[in-house]
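Structure at a glance
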Amino acid sequence: MSAPLCKKEFFVQEFDFEHAGKAASDMRKLLMDYGFDQQIVRRLAIAAYEAEMNMVIHGFGGTLIMEINFEYIELVAKDNGPGISDLKLAMQEGFSTASDEIREIGFGAGMGLPNIKRCVNFLGIETKPGQGTVVTMRVDLGPDAI
Amino acid sequence: MNLYDIATKLDASILTPKLDLSRQVHCAYGADLLSDVLAFTRPSTLLLTGLINIQVVRTAEMAELGGIVVVRGKPVHRSLQELACACKIPLLRTRMTMFESCGRLYQSGIKPCIKDPGCECNVCPSV
Ligand SMILES: Nc1ncnc2c1ncn2[C@@H]1O[C@H](COP(=O)(O)OP(=O)(O)OP(=O)(O)O)[C@@H](O)[C@H]1O
Ligand SMILES: [Mg+2]
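The rules behind the values
Residues numbered from 1 in each chain as written. Chains lettered and ligands numbered in written order. Predicted model: local features only at pLDDT ≥ 70, side-chain atom pairs only at ≥ 80, totals over all residues. Heavy atoms only, no water. Contact = heavy atoms within 4.5 Å. Buried area = accessible area lost by both parts, 1.4 Å probe. Salt bridge = Lys/Arg side-chain N within 4 Å of Asp/Glu carboxyl O. Helix = DSSP H or I, 4+ residues; strand = E, 2+ residues; numbered from the N terminus. Nonpolar A, V, L, I, M, F, W, Y, C, P; charged D, E, K, R; others polar. Pairing = 2+ DSSP bridges. 1 Å grid on protein atoms, 1.4 Å probe; cavity = no way out; pocket = protein on both sides within 12 Å on 5 of 7 lines; lining within 4 Å. Points joined across faces, edges and corners; volume = space filled by probe spheres on them.

1. Quick notes on the interface of chain A and chain B
- Between chain A and chain B, the contact holds 28 residues from the first and 24 residues from the second.
- Summed over both sides, the interface between chain A and chain B buries roughly 2300 Å², with carbon and sulfur atoms accounting for 52% of that surface.
- Connecting chain A to chain B are three salt bridges.
- For B:Glu61, the salt bridge identified is with A:Arg28, shortest N-O distance 4.0 Å.
- No other element matches the nine residues that helix α2 (residues 38-57) of chain A contributes to the side of chain A that touches chain B.
- Looking at side-chain class alone, the side of chain A that touches chain B contains twelve nonpolar, seven polar and nine charged residues.

2. Structural notes on the pairing of strand β5 (residues 132-140) of chain A
Residues and elements named next belong to chain A.
- Taken together, the eight bridges between strand β3 (residues 72-79) and β5 define a ladder with antiparallel strand orientation. Residue pairing for β5: Ala 77 is matched across the bridge by Val 135.
- Bridge analysis of strand β4 (residues 122-128) against β5 gives seven bridges, and the strand direction is antiparallel. Each residue of the ladder has a partner; that of Gly 124, found in β5, is Thr 136.
- Following β4, the chain reverses through three residues before pairing antiparallel with β5; Gly 130 in that reversal takes a positive phi of roughly 85 degrees.

3. Observations regarding the layout of surface pockets
All names here are of chain A.
- Approximately 650 Å³ is the volume attributed to the largest pocket.
- Taken together, 35 residues line the largest pocket, and the ones lying closest to its centre are Asn 54, His 58, Ile 84, Thr 97 and Leu 113.
- For the lining of the largest pocket, the elements supplying multiple residues, two or more each, are α2, β3, α3 (87-90), α5 (112-119) and β5.
- For the lining of the largest pocket, the element with the highest residue contribution is α2, accounting for five residues.
- Split by residue class, the lining of the largest pocket holds 19 nonpolar, 13 polar and three charged.

Function-wise, these values are silent; they only describe arrangement.
Shown next as structure tokens:
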């Protein structure tokens, strides 16, 4: 595999709701500055934001890594949180373990992972209880992407 | 209808006076669940919500919404106004309830948020 054209890392703090969303926002601005197609930027921004909020809320914080390649843009959200014990269940719309406090700020609908799936061309989740979660997302770049 | 007209219909105050309110709004979505907003809106949608935390503006930024109306006269913190301004998301506040706000806008011809017939993307909702 060839080296990425660009790679950026963004750090995400656990339960820091003041700054939550900053990583996805910074990433989005970068993609807009590069001049990527608006629909591609929107899909990546939504996927990044959902993954970031999951790290803030469920994953003890983590890192969001963006890589631009020739054929696709890849996002990796990596945390050392509690992991997901039943991934099939977690992928279902409406399943959530979020607390009432989290619901009060507008999250915990159990729509985040299904949302990500809708936005990306590839979604891979590696997780083990007690060992964290790695969410890999890719959006393909067509000929008109930039 | 543009955002000035919306403000008039809802007797709303404008919390981001520096932003351009002449942009057109065709559809709206009312929700207090942000993942629902991310899933079921399309660009330029107007969001009506009871949420007043920072994440509501972040959500609007990611989903490229046309503006936010805070309903039921909830107090909006300065930091939210500043972030909305920085993200170029117009922010309005009305004393009306969610029900009345949505009802008035619907009556004025604002549509629910559904997919454009010609749109082939797999992101905007196909309800
Ligand atoms: N990074 C993570 N670490 C640990 N658990 C996670 C992580 N991401 C998701 N989960 C688990 O999967 C469930 C479903 O996630 P999903 O993002 O779909 O919904 P949610 O975060 O609960 O609510 P929403 O995304 O609608 O605000 C979560 O409630 C949580 O139990
Ligand atoms: Mg989530």
